[in-house]
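Summary of structural features
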Amino acid sequence: MNVFDRLISTSLPLVPKPIVRRIASSYIAGETLDDLITAVRELNGEGFMVATSILGEFVRQREESEQAVRDYQEVLAAIDRNGLDSNIHIKLTHFGLKLDKDFSRDNVRALLETASGYPNFVRIDMEDASCTTDTLDVYYQVREEFENVGVVIQARLHRSLDDVRALAKVRANVRLCKGIYIEPHDIACTDAEEIRSNYTKLLEELLGAGCYVGIATHDERLVRGAFQIIDRLGLEPSAYEFQMLHGVLPELRRVILNEGHRVRVGVPFGPSWYAYSVRRLRKNPMIARYVMKAMLSGS
Ligand SMILES: Cc1cc2nc3c(=O)[nH]c(=O)nc-3n(C[C@H](O)[C@H](O)[C@H](O)COP(=O)(O)OP(=O)(O)OC[C@H]3O[C@@H](n4cnc5c(N)ncnc54)[C@H](O)[C@@H]3O)c2cc1C
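Residues numbered from 1 in each chain as written. Predicted model: local features only at pLDDT ≥ 70, side-chain atom pairs only at ≥ 80, totals over all residues. Heavy atoms only, no water.

In this section: unusual backbone geometry. Cis peptide bonds are those with omega within 30 degrees of zero, and the linkage from Tyr118 to Pro119 qualifies with -5°. The residue Phe58 is not glycine, and still its phi comes out positive at about 45°. Its place among the elements puts Phe58 in the loop between strand E1 (49-54) and helix H4 (62-81). A positive phi angle, near 40°, is found at Leu249, a position not held by glycine. (Helix = DSSP H or I, 4+ residues; strand = E, 2+ residues; numbered from the N terminus.)

At a minimum axis distance of 12 Å, the contact between helix H6 (residues 132-143) and helix H7 (residues 160-169) shows a crossing angle of 5°. Classified by the interaxial angle, the pair formed by H6 and H7 is roughly parallel. Counting all contacts with H6, which are made through Thr132, Leu136, Tyr139 and Tyr140, the residues of H7 involved are Asp163, Ala166 and Leu167. (Axes fitted to C-alpha atoms, helices over the stretch in contact; angles between N-to-C directions. Parallel < 35°, antiparallel > 145°, perpendicular 65-115°, else oblique. Contact = heavy atoms within 4.5 Å.)

Another point: the site of the ligand. Surveying the vicinity of the ligand reveals 23 residues, the closest of which are Met126, Arg175, Gly179, Thr217 and His218. Separating a nitrogen atom of the ligand from a side-chain N or O atom of Arg175 is a distance of 2.8 Å. Here Lys178 contributes a side-chain N or O atom positioned 2.9 Å from an oxygen atom of the ligand. Out of a free accessible area of 920 Å², the ligand has 86% covered by protein chains. Among the elements of the structure, strand E4 (149-154), strand E5 (174-177), strand E7 (240-245) and helix H11 (273-283) are those that each provide at least two residues to the shell around the ligand. Among the elements that take part in the shell around the ligand, E7 stands out by supplying three residues, more than any other. Grouping the amino acids of the shell around the ligand by side-chain chemistry returns 11 nonpolar, six polar and six charged. Both of domain 1 (1-28 + 272-299) and domain 2 (39-269) provide at least three residues apiece to the shell around the ligand. (Near = heavy atom within 4 Å. Polar contact = N/O pair within 3.5 Å; in protein donor to acceptor, adjacent residues only side chain to side chain. Areas by Shrake-Rupley, 256 points an atom, 1.4 Å probe, with all protein chains shown as cover. Nonpolar A, V, L, I, M, F, W, Y, C, P; charged D, E, K, R; others polar. Domains from an automatic or database assignment.)

In this fold, Thr52 is placed in strand E1. Given the relative accessible area of 0%, Thr52 is considered buried. Apart from residues lying up to four places away in sequence, Thr52 is in contact with Leu36, Val40, Tyr72, Val75, Ser86, Asn87, Ile88, His89, Val267 and Phe269. (Buried < 20%, exposed > 50% of the residue type's maximum accessible area, 1.4 Å probe, protein only.)

Moving on to the sheet that holds strand E2 (residues 86-90). Reading around the circumference, E1-E2-E3-E4-E5-E6-E7-E8 is the order of the eight strands in this closed barrel, with parallel pairing throughout. Pairs of neighbouring strands in the sheet enclose a mean axial angle of 30°, with direction left out of account. When E4 meets E5, the two strands line up parallel, connected through four bridges. From the neighbouring strand, Val151 faces E5, where its bridge partner is Val174. Together, strand E6 (213-216) and E7 form the strand contacts of helix H9 (residues 220-233), whose direction differs from that of E7 by roughly 170°. (Pairing = 2+ DSSP bridges.)

Of all hydrophobic cores here, the largest spans 75 residues; its most connected members are Phe95, Val108, Leu203, Ile215 and Phe242. Filtering out sequence-adjacent residues up to four positions away, Val108 remains in contact with Ile90, Leu92, Phe95, Ile124, Val138 and Val142. In this structure, Val15, Ile19, Leu55 and Trp273 belong to the second largest nonpolar core, which totals seven residues. (Core = buried A, V, L, I, M, F, W, Y, C linked by side-chain atoms within 4.5 Å.)

Let's shift gears to the pattern of salt bridges. A full pass over the atoms with the stated rule returns 20 salt bridges. Among the salt bridges present, the one from Arg105 reaches Asp106, with a minimum N-O distance of 3.1 Å. Taking the relative accessible area as the measure of exposure, Arg105 reaches 15% and is therefore buried. The partner of Arg224 in a salt bridge is Glu220, with the nearest N and O atoms 3.5 Å apart. One end of the pair is Arg224 and the other is Glu220, both in helix H9 and four residues apart, which spans about a single turn. A residue is classified by how much of its surface remains accessible, and Glu220, at 44% relative accessible area, is partly exposed. (Salt bridge = Lys/Arg side-chain N within 4 Å of Asp/Glu carboxyl O.)

For the rest of this paragraph, the subject is the packing of aromatic side chains. For any pair of aromatic rings, the description consists of the separation of the ring centres together with the inter-plane angle of the planes. Tallied over the full model, the rule gives four aromatic pairs. Aromatic pair Tyr72 and Phe95: ring centres 5.8 Å apart, planes at 50°, arrangement tilted. Of this pair, Tyr72 sits in helix H4 while Phe95 is found in the loop between E2 and helix H5 (101-117), placing the two residues 23 residues apart along the sequence. Neither residue differs from the other here; Tyr72 and Phe95 are each classed as buried. Each ring, one from Tyr139 and one from Tyr140, has its centre 5.5 Å from the other, and the planes form 65°; the classification is edge-to-face. Classification of Tyr139 by relative accessible area gives buried; the value is 0%. By way of ring pairs, the aromatic residues Phe227, Tyr240 and Phe242 are connected into one cluster. If you follow Arg253 out to its NZ or CZ, it ends over the ring of Phe48, 5.0 Å from the centre. (Phe/Tyr/Trp six-rings, centres within 6.5 Å; stacked < 30°, edge-to-face > 60°. Lys NZ or Arg CZ within 6 Å of the ring centre and 35° of its normal.)

What follows is the structure, encoded as C-alpha cells:
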C-alpha cells in the first residue's frame, strides 16, 4: 500500500457510511438471512462451496453471545432447509471469549451439538494474538467431544509451527491463513516474504501429517506453491480445499476451480456490516481508488 492509499485507508471512518456501504457490498452478502441464502445459492451454482459467518466480535454482554448462538442455529437450519453447500465459521469473541472462556466454550458446544444433527461443520476463526492460546484451548476442549470442528492458524505468528505440530497430533482440520492482525515484532513476522515462506512451511507440515487443510489465501504465488505441494504429496482433492473471501479476486478462484481443486468462499452477512467493512477495505490496496471514485461520483 503506498502512502496515499494508507492516508485514505486511515481516514476511512470519516468517509460517509453510504459510500462505505456501496464499496463494501461486494464483500458481504447483505444484512438478512434471505440475502445470505441468495448469495450462497449463486456461489453453489458456480461450483463453489461456502463458509458463512454472522458479522460480530468482542461482545460486552452475555446475552449478545447467547443471541449469536441462536442466530447461528437459525443459519444452520436455513442451510439445511434450502439444500445449500455451506458450513459456518465463528469468532470466539462473538461467543463471549473476553467475558469468560468457559462460557464461550459452552456456547460453542451448544452450536456444535446443533451442527452435528444436520450434519454440518463449524470452524473457529483465529482473532488477534490476545486470543490465540484461549482459542486453541477451547478448540482442544470441544474437539474431545466433537469431530465437526476446525480451527485456524496464522502464518504470521512465530508460535505457529509449534501449534501446527500439536494440531497434527490430533489430525485437526485447520484453515491456514497469513493472519489479518498486525502483531508486535517479538511474536510475529512483519516481512511479507517471511510470512509467505512460513505459510509454505506450515502448509507442508499440515498436509504431510494428513491434516485436512483450508488453504486460505488470495496470494497467487502461495496458491501456485500449494499446487506443487499437493502434486508432490499426491493428494486427492478431497484432502484439502482452497478458501477465499467473497468479493476478493473472483477470477483467481475460478482458475483454481477449473484446475480441479475445491474452493470454499467465505460469505459474511448481518447488520453489523460497518465495522467489518472498514477492516476489509483497509486491507485493500485499491482502496484509495475505490473511495476517491465513489466520492467524486457524488454517490
Ligand atoms: C477464507 C479466509 C478466511 C480467513 N480467516 C482468517 C482468520 O480466521 N484469521 C485471520 O487473522 N485472518 C483470516 N483471513 C485473512 C488472511 O489472514 C489475510 O489477511 C488475507 O487473506 C490477506 O492475505 P492473502 O493471503 O490473501 O495475501 P495478500 O498478499 O494480502 O493478498 C493477495 C491479493 O489479494 C487481494 N486481497 C487480499 N485480501 C483482500 C481484502 N480483504 N480485500 C480486497 N483485496 C484483498 C489483494 O489484491 C492482494 O494483493 C482469512 C482469509 C481468507 C481468505
